[in-house]
Amino acid sequence: MIVELLSGHSVGWLAGLVVALLATGIIAGLLAGLLGVGGGIVVVPVLYHLFTLLGVDESVKMHVAVGTSLATIIPASIMSSRAHARKGNLDVSLLRTWGPALLVGVLIGIAISGYLRGTTLTAIFAVVALLVAANMAFRSKGLALTDDLPPTPFKQIIGTLVGGFSTLMGIGGGTLSVPLLTAFGYPIHRAVGTAAAIGMVISLPGAIGFLINGLGVPNRPPMSLGYINLAGLALIVPMTMMMAPIGARIAHAVNANRLRQVFAFFLFLTSLRMLYGLL
């Protein structure tokens, strides 16, 4: 099995893949700790660019980046949601009413991803990331549109969209759900805590779906099961968990708003680079 997975790749190429995955975990962990963002919004673009440098086939590199990202989110979302629940920052009632809609969105995203070309998946990530970057850079802190979430069925429609787009982008949902919840009057800590549990609802079925969709697909990187790179799981998750606390400590010594603007600029450039690569 291992020989089959590694066949056709030189030792140097495999060493480059290992270094790339370690670097992905380090960068994702630091930025997650510094900025409080979900790892997926970092892991996907970094993996995309690293896979490009390593010459991974265009038809599968974005699928593998998204699938691997979803898989790496699972342990982090479980640990984070438990910690937030202990502090009372997890809205269980919202999860009960929003959970089915999120899951429907995930299933729709999984079904669609199996038919999308890598370029289309890249375009979806790039466009939504541009919107996220704009929100991070220009939205006033504490600005709320209303004092509560909209009533049924609009709340369920929003949940379905969050689940679907998060799955297609390889993110845990916090990147989309935290701005939405705070825009509807949720306190930021409660929004972040609930988003951690939302990440678990999205990432687990999402990762399973990408695993199944990628079985037997040619030209995937070595050590991949479906669209999930097993080396990515083994190397990204420990580095992310190790570096996130370091990033959090650094965050206390620097200007948080300036850091958020820098990350928004990183997302903006990444999105433009992805879109340019599609032309």
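Cut-offs and rules
Residues numbered from 1 in each chain as written. Predicted model: local features only at pLDDT ≥ 70, side-chain atom pairs only at ≥ 80, totals over all residues. Heavy atoms only, no water. Salt bridge = Lys/Arg side-chain N within 4 Å of Asp/Glu carboxyl O. Helix = DSSP H or I, 4+ residues; strand = E, 2+ residues; numbered from the N terminus. Buried < 20%, exposed > 50% of the residue type's maximum accessible area, 1.4 Å probe, protein only. Core = buried A, V, L, I, M, F, W, Y, C linked by side-chain atoms within 4.5 Å. Contact = heavy atoms within 4.5 Å. Patch = residues over 30% accessible without salt bridge, like charges linked within 9 Å, V, L, I, M, F, W, Y side chains within 5 Å. Areas by Shrake-Rupley, 256 points an atom, 1.4 Å probe, with all protein chains shown as cover. Phe/Tyr/Trp six-rings, centres within 6.5 Å; stacked < 30°, edge-to-face > 60°. Lys NZ or Arg CZ within 6 Å of the ring centre and 35° of its normal. 1 Å grid on protein atoms, 1.4 Å probe; cavity = no way out; pocket = protein on both sides within 12 Å on 5 of 7 lines; lining within 4 Å. Points joined across faces, edges and corners; volume = space filled by probe spheres on them. Nonpolar A, V, L, I, M, F, W, Y, C, P; charged D, E, K, R; others polar. Expected span 1.5 Å × (residues − 1).

K.L.:
It is not clear to me how the pattern of salt bridges should be interpreted in this structure. Could you clarify?
P.N.:
Pairing between side chains of opposite charge can happen when the charged atoms of each approach one another. Taken as a whole and judged by the stated rule, the model has two salt bridges. Residues Glu58 and Lys61 are paired through a salt bridge, measuring 3.2 Å at the closest nitrogen-oxygen approach. Of the two residues, Glu58 and Lys61 both sit in helix H4 (residues 58-86), three residues apart, roughly one turn of that helix. Given a relative accessible area of 37%, Glu58 falls into the partly exposed group.

K.L.:
Sorry, what's going on with the nonpolar core here?
P.N.:
Side chains of a nonpolar character, in soluble globular proteins, are inclined to be buried together. Counting residues in hydrophobic clusters, the biggest one holds 63 residues, and the most contacted among them are Ile41, Met62, Trp98, Phe125 and Leu267. Once residues within four sequence positions are removed from consideration, Ile41 is found in contact with Phe125, Met169, Ile171, Thr175, Phe263 and Leu267.

K.L.:
I tried to follow a nonpolar patch on the surface on my own but got confused; where do I start?
P.N.:
Together, Leu204, Ile208, Ile212, Leu215, Leu225 and Leu230 line one region of the surface with nonpolar side chains, adding up to about 520 Å² of accessible area. Tallying contributions element by element places helix H9 (residues 188-213) first for the nonpolar patch, with three residues. Tracing the chain through its elements places Leu230 in helix H10 (residues 230-251). For Leu230, a relative accessible area of 38% corresponds to the partly exposed category.

K.L.:
How should unusual backbone geometry be read in this particular structure?
P.N.:
Leave glycine aside and you will find that most residues have negative phi; peptide bonds, for their part, are mostly trans. For Asn219, which is not glycine, the phi torsion reads 70° and is therefore positive. Along the chain, Asn219 turns up in the loop between H9 and strand S1 (224-225). Overall, Asn219 belongs to the partly exposed group, its relative accessible area being 48%.

K.L.:
What is the right way to read the packing of aromatic side chains from this model?
P.N.:
For any pair of aromatic rings, the description rests on two quantities: the centre-to-centre distance and the angle between the ring planes. This structure, assessed with the given rule, holds one aromatic pair. Each ring, one from Phe210 and one from Tyr227, has its centre 6.4 Å from the other, and the planes form 65°; the classification is edge-to-face. One end of the pair, Phe210, is in helix H9; the other, Tyr227, is in the loop between S1 and strand S2 (228-229), and 17 residues separate them in sequence. Tyr227 shares its class with Phe210; the two are buried. Seen from the ring of Tyr48, Lys61 lies directly overhead, with NZ or CZ sitting 4.6 Å from the centre.

K.L.:
Hey, could you run me through the layout of surface pockets in this one?
P.N.:
Rolling a probe over the atoms, with the probe sized like a water molecule, indicates the empty space that remains. Taken as a whole, the second largest pocket holds about 320 Å³ of empty space. For the second largest pocket, the lining is made up of 14 residues, of which Val128, Leu131, Val132, Leu176 and Leu180 are closest to its centre. Of all the secondary-structure elements, those providing two or more residues to the lining of the second largest pocket are helix H6 (118-138), helix H7 (154-169) and helix H8 (174-183). The dominant element in the lining of the second largest pocket, judged by the number of residues it contributes, is H8, at five residues. By residue class, the composition of the lining of the second largest pocket is eleven nonpolar, two polar and one charged.

K.L.:
How do you make sense of helix H3 (residues 40-53) when you look at a structure like this?
P.N.:
Turn by turn, an α-helix covers 3.6 residues, leaving residues three or four places apart pointing in a common direction. Compared with the 20 Å implied by 1.5 Å per residue over 14 residues, the 20 Å span of H3 between its first and last C-alpha is a close match. Of all the 14 residues making up H3, eleven are buried; the element is thus mostly covered by neighbouring parts of the structure. Of the positions making up H3, those classed as buried are Gly40, Ile41, Val42, Val43, Val44, Pro45, Val46, Leu47, Tyr48, Leu50 and Phe51. A positive backbone phi angle near 80° is found at Gly55, which sits one or two residues after H3.

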